[in-house]
Structure formats: C-alpha cells, structure tokens
Amino acid sequence: MEEVVIIVGAGPSGLATSACLNVLSIPNIILEREDCFASLWKKRTYDRLKLHLGKQFCQLPHIAYPEGTPTFISKAGFLRYLEDYVSHFQINPRYHRFVESASYDKVDKKWHIVAKNTVSDKSEVYLGKFLVVATGENSEGLIPNISGLDSFEGEFMHCTNYKNGKRFGDKQVLVVGCGNSGMEIAYDLWNHGAFTSIVVRNPVHVLTKEMVLLGMFWLKYIPRKVVDYVIVSLAKLVYGDLSSYGLPRPSLGPFYLKDVTRSSPVIDVGTIEKIKEGEIQVVPAITKIEGDYIYFSNGKTSQFDAIIFATGYKSTVLHWLKGVEHLFKEDGMPKKNFPNHWMGENGLYCAGFASRGLFGIARDAEHIANHIRDVEYASRRL
C-alpha cells in the first residue's frame, strides 16, 4: 500500500500531526499497535491524573477546549477532548498494526514499512514518501537495574500499571522516583491508607500549578533568568526550606533545567504537606534488595510489601527504525536539541520527542505538516 505520509503512533503526537495534514489536504495514515488511540492515556495512567499545565498549554492544533473547561483538566476531560478531536478531523488510525521495521530505499526514494496485523497475524507492507515517528518518549516504562530486585518477595511494578491505591491499604509501599508521577502516586497511596515512603536521590524544585502557569505566561515576555528568580522566590515563600525533609532545591532555576536537561519541576498536589507532617517518609537511593528488605544509601534498612517504580520511560523507536543515525541517538531520542529536533533526512520526522508535553507536541505537528506541504509544493513545480 502506497501513501504520501505514514505516521507511526496514534497518541496525541500522531493525532495532532494527522489533523494538521488533513487541514492541508495531504493524504496520510496512522499505524497503531494498540486497539485504540491514546492508549497510554486510556490504559496506562493512574486514575487521579490531571494535566499539570493550564489548558492553553495542553491543546492540540486547530481546536481549543470548549468554553467553560477548567484551567486544569482531568484525565477524563482530556480524553473527551481527544474523542472530539479525532471525530472532527475524521482521523481513522489503522489499529493492531505492530511496526516491525522501517527503512528508506534510496532507489525508490520511499520509506518501506513492514507492520504485522496482530488480528490476522499477517504482515503488511506500506510505502510512503514521508514517515513521521510519533511513538514518543514514553513508549515503554523503565525500571532501573537494582541489585537483588529479582529476590524481592513483595509486588513491584512500573507506574504505568498503577491505577489507584485501593489494594495497598495498610501496606508498606515504596515509591521510587520523585517526579510528578512519583509524588502524586505517593499522595494517592497515602489517601488509601498505605504506609508510604518515596525515594528522592537528587535535588528537586517543588512548585504549585499556579506558579508554573504564571511562569509559562511570563516566559513570553520576560527573560528566563528573571522568571526563574521570581518563581523560586515564590516557592521559598510557600514551602520554605525543604532540605531538612530530604528535598533540597537545585541551584539552577526550574525553567532553565527544563530547557537544558528536560527535567521538570514537581507540581505539588498535596504530597509536601504530608511529608512535612511525617505521613509520607522520604528515603535516599536504594543500594540493594534482599527479600522484602530494602537497603538505602544512608545505611538504613526497611521492609516493604510493594514497590512502585515511577522512574520514567524509554523510547523504543530504534527497535524498528533502521539507518536513522542522522536523527536519533542510541537511546532513541533526537540528536538535535529543541527547537530543531523534529526533522531528519529523506522525509523523516519525529513528533512528541521534545520533552515539552502537549505544548511541544502541537508545535511539532504544525512544523511537520507545514514542511511536508512546502516540500510537496516545491516538487510539483519541478
């Protein structure tokens, strides 16, 4: 089957790119391994999840949220928005297509994609002038290699498999990872009666969602260094010095770190209050595990019934995409930094790899669609 544009992945990145192409009347198809669009959001996120950024930074191209939508949107609200988005732009992904390989044929000047139809168990070959990788940064949950983890006698999981804390009531649960997911899951566990601890290895900025919203607005008009100074000052006023609770603040500003290292500040949902009250314990890095005993870098040892790993994700794009050293590094992330990360060679693009959430996804999608339009226009004039 020959197409103009082939998009791999029907998450928000793939949907946004398809919508932008549809607006420009450029034919495209989406290949999706799951049985639905936005499968990460529908199947592998916890129940209490809300978008941590204001709605104006979380909308996809060409459609805003309906009037009356709250500033900070729930998981259910975002999924309703995606349902309307897919319907409005008549996006029809081809589900159950597990892409096994993709490579560029320099003779045909086309991308050759082999995908297995997991329903019929047959392989399908697609040819396209352009290929958009929209599988994103969060393709597969990452669990670190910890000595003795295989001996742990309790339950352990990546946070993609965590829904809520109902079944962890009265249990000793360790959350590994103090990003936004880890902090929110720790709070959810506490709400459900679990005795919760969280591993914090590195300094972290803790902000309110209102501080982040204000900072992102100011960044349009004020230098980042000034915004960082003001936002950190506000955080000190609201939270005080958290270092005595095991949460030291980085020396560099939150928006600087986001731009340079891709690390996001923690947006507090109530976890910090519980840490201050001693209801949630902060512990340092794990050194090893023996049975249900976990050893920490401060020399202490504790028993736990379960471990939730909120330790991030990894890109799996290099499992199937071949000969693309010009665009991707060995870890499956773009070689070029934002804002020049999205375009490779021979009609290859990537959407959703900027570590800038839905705001970055919308930007990528528009750039990709407009560039494909320009290339197509130029080729017709030759």
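In this report, the structure presented in the accompanying data block is examined. (Residues numbered from 1 in each chain as written. Predicted model: local features only at pLDDT ≥ 70, side-chain atom pairs only at ≥ 80, totals over all residues. Heavy atoms only, no water.)

1. Quick word on the overall build of the protein
Of regular secondary structure, the protein possesses nine helices and 18 strands. Since a compact globule built from 382 residues should have a radius of gyration of about 21 Å, the 22 Å found for the protein is in line with a globular shape. Taken along its principal axes, the extent of the C-alpha atoms in the protein is 70 × 50 × 40 Å. Evaluated residue by residue, the protein yields a buried proportion of 48% over its 382 residues. Total accessible area computed for the protein in this model is approximately 18,300 Å², and 50% of it derives from carbon and sulfur atoms. Charge-centre separation for the protein: the mean point of 44 positive side chains lies 5 Å from the mean point of 41 negative side chains. (Helix = DSSP H or I, 4+ residues; strand = E, 2+ residues; numbered from the N terminus. Rg over C-alpha atoms; globule rule 2.2 N^0.38 Å. Buried < 20%, exposed > 50% of the residue type's maximum accessible area, 1.4 Å probe, protein only. Areas by Shrake-Rupley, 256 points an atom, 1.4 Å probe, with all protein chains shown as cover. Lys, Arg positive; Asp, Glu negative; His and termini not counted. Charge placed at Lys NZ, Arg CZ, Asp CG, Glu CD.)

2. Focus on the packing of aromatic side chains
Following the criterion strictly, the structure yields 15 aromatic pairs and no others. With a centroid separation of 5.9 Å and 40° between ring planes, the pair formed by Tyr-81 and Tyr-85 is classed as tilted. Here Tyr-81 and its partner Tyr-85 are both found in helix α3 (residues 75–88), four residues apart, which amounts to about one turn of the helix. By the burial criterion, Tyr-81 is buried, and Tyr-85 matches it. Taking the centre distance of 6.4 Å and the plane angle of 40° together, the rings of Phe-130 and Tyr-349 count as tilted. Taken as a pair, Phe-130 in strand β5 (residues 122–133) and Tyr-349 in strand β18 (residues 348–350) lie far apart in primary sequence, 219 residues in all. Like Phe-130, the residue Tyr-349 is buried in the burial classification. (Phe/Tyr/Trp six-rings, centres within 6.5 Å; stacked < 30°, edge-to-face > 60°.)

3. Section: the sheet that holds strand β9 (residues 195–199)
Taken together, five strands build an open sheet; the order of strands is β7-β16-β8-β9-β12 and the sheet is parallel. Strand pairing shows two members of the sheet lacking a second neighbour, β7 (155–158) and β12 (280–283), which therefore form its edges. If you compare each strand with its neighbour and ignore which way they point, the axes differ by 20° on average. Against the sheet, helix α4 (residues 180–191) engages β8 (172–176), β9, β12 and β16 (306–309), with an angle of about 170° to β9. (Pairing = 2+ DSSP bridges. Axes fitted to C-alpha atoms, helices over the stretch in contact; angles between N-to-C directions. Contact = heavy atoms within 4.5 Å.)

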